[in-house]
Amino acid sequence: METVVWSKPENERAGTPLLVMMHGYGTDESRMVNLFGHLPSEFTCAALRAPMPIADGYGWFLLDYFLANDFADVIAAANSVFSWIDLVKGAHSSVSLLGYSQGMAMASTLLRLRPRDFPAVVGLSGFVLNNDLLALSESFDVPPPFFWGRDKADLVINDEATDYTAEWLDTHTRLTARTYPGMGHAMSKTEMVDVSAFLRHYVLN
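Just so we're clear, the structure is a prediction, and the values are computed from it rather than from any experiment.

What counts and what doesn't
- Residues numbered from 1 in each chain as written.
- Predicted model: local features only at pLDDT ≥ 70, side-chain atom pairs only at ≥ 80, totals over all residues.
- Heavy atoms only, no water.
- Patch = residues over 30% accessible without salt bridge, like charges linked within 9 Å, V, L, I, M, F, W, Y side chains within 5 Å.
- Areas by Shrake-Rupley, 256 points an atom, 1.4 Å probe, with all protein chains shown as cover.
- Salt bridge = Lys/Arg side-chain N within 4 Å of Asp/Glu carboxyl O.
- Lys, Arg positive; Asp, Glu negative; His and termini not counted.
- Charge placed at Lys NZ, Arg CZ, Asp CG, Glu CD.
- Helix = DSSP H or I, 4+ residues; strand = E, 2+ residues; numbered from the N terminus.
- Buried < 20%, exposed > 50% of the residue type's maximum accessible area, 1.4 Å probe, protein only.
- Pairing = 2+ DSSP bridges.
- Right-handed = clockwise from strand over helix to strand, strands pointing away.
- Axes fitted to C-alpha atoms, helices over the stretch in contact; angles between N-to-C directions.
- Parallel < 35°, antiparallel > 145°, perpendicular 65-115°, else oblique.
- Contact = heavy atoms within 4.5 Å.
- Nonpolar A, V, L, I, M, F, W, Y, C, P; charged D, E, K, R; others polar.
- Phe/Tyr/Trp six-rings, centres within 6.5 Å; stacked < 30°, edge-to-face > 60°.
- Core = buried A, V, L, I, M, F, W, Y, C linked by side-chain atoms within 4.5 Å.

A. Highlighting a negative patch on the surface. A cluster of acidic residues, D159, E160, D163, E167 and D170, forms a negative patch at the surface. Locating E160 in the fold gives a position in helix α5 (residues 159–172).

Right, here's the structure in full:
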């Protein structure tokens, strides 16, 4: 990752739980940086910038209107994040994931590829990739804790993607699902209160 914004200076990170944060399609890491103050102070947060230029922002891999994706692009993006995590994880007590929109697709993909690596995963206003090759690679011994927050009226994530996401999360994870009427394709302070409680329960406890 060429651009990473940290919530703590380097001399305050050692031994803390790390929360890796991934933004949505066509935005950048600043969207995640804005959440730092609303998350538990015990965590070190790291907001990553996706590697692919998209319009005025960045993306993790190409998407079309129907959220279709190319498996090779997805794996390349996942491997770039894994390479960065592997460089820094030794300084932290654990590594959890938080993704917004396309960042939720990334966070859930990382979980599918390394299901034992992350004590908690948060997905906000996003989706899980419906990809047959990715599904073949997943194997969960124990359902991992997963927080899914969204507005049921979110017009960006289509119904087919939402239905698949709900089915996949119900099948494979220990799911905490919350909805926030009126939020739209966004994140809210109320949602961050719930996310913080989830992270404290599954990581700090």
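B. Molecular detail of the pairing of strand β8 (residues 145–150). Summarising burial for β8: 6 of the 6 residues are buried, a large majority. Judged from the 4 bridges that link them, strand β7 (residues 121–124) and β8 form a sheet pairing that is parallel. The partner of V122 across the bridge, within β8, is F147. Taken together, β7, helix α4 (residues 132–137) and β8 form a β-α-β motif whose crossover is right-handed. In this sheet, strand β9 (residues 174–179) lies alongside β8 in parallel orientation, the contact comprising 6 bridges. Residue pairing in the sheet places F146 in a bridge with L175 of β9. Chirality of the crossover, the property in question, places the unit of β8, α5 and β9 among those that are right-handed.

C. The pairing of strand β2 (residues 17–22), seen in detail. Burial of β2 is extensive: 6 of the 6 residues sit out of reach of the surface. Neither face of β2 is left uncovered, since the one carrying P17, L19 and M21 and the one carrying L18, V20 and M22 both have all their residues buried. Pairing geometry for β2 and strand β6 (residues 94–100), over 6 bridges, is parallel. Across the sheet, the residue bridging to P17 is S94, located in β6.

D. Looking closely at the packing of helix α2 (residues 71–88) against helix α3 (residues 102–113). Packing of α2 against α3 brings their axes to within 10 Å, and their N-to-C directions diverge by 80°. Considering their axes alone, α2 and α3 lie roughly perpendicular with respect to each other. Between α2 and α3, the contacting residues are V74, I75, A77, A78, V81 and F82 on the first element and M106, T109, L110 and L113 on the second. Along the lines of polarity and charge, the residues of the contact of α2 with α3 split into 9 nonpolar, 1 polar and no charged.

E. Broad picture of the packing of aromatic side chains. Within this structure, the stated rule accounts for 4 aromatic pairs. Measuring from ring centre to ring centre gives 5.8 Å for F140 and W168, while their planes differ by 75°; the resulting arrangement is edge-to-face. Of the two residues, F140 is situated in the loop between α4 and β8 and W168 in helix α5; the sequence distance between them amounts to 28 residues. Judged by relative accessible area, F140 falls into the buried class, the value being 18%. Accessibility expressed as a relative area gives 3% for W168, which makes it buried. Seen from their ring centres, F198 and Y202 are 5.0 Å apart, and the 55° between their planes marks the pair as tilted. Taken as a pair, F198 and Y202 lie in helix α6 (residues 189–204) at a separation of 4 residues, close to a single helical turn.

F. Region of interest: the nonpolar core. W60, F61, L97 and F118 are the most contacted members of the largest nonpolar core, which has 39 residues in total. Residue assignment for this core shows that the elements contributing at least two residues are β2, β3 (44–48), α2, β6, α3, β8 and α5. Looking at which element gives the most residues to this core, the answer is α2, with 8 residues. Excluding residues within four positions of it along the chain, L97 makes contact with L19, V20, M22, I85, A107, L110, L111, F118, A120, V121 and V122. One finds A120, V122, F147 and M187 within the second-largest nonpolar core, a separate group that totals 24 residues.

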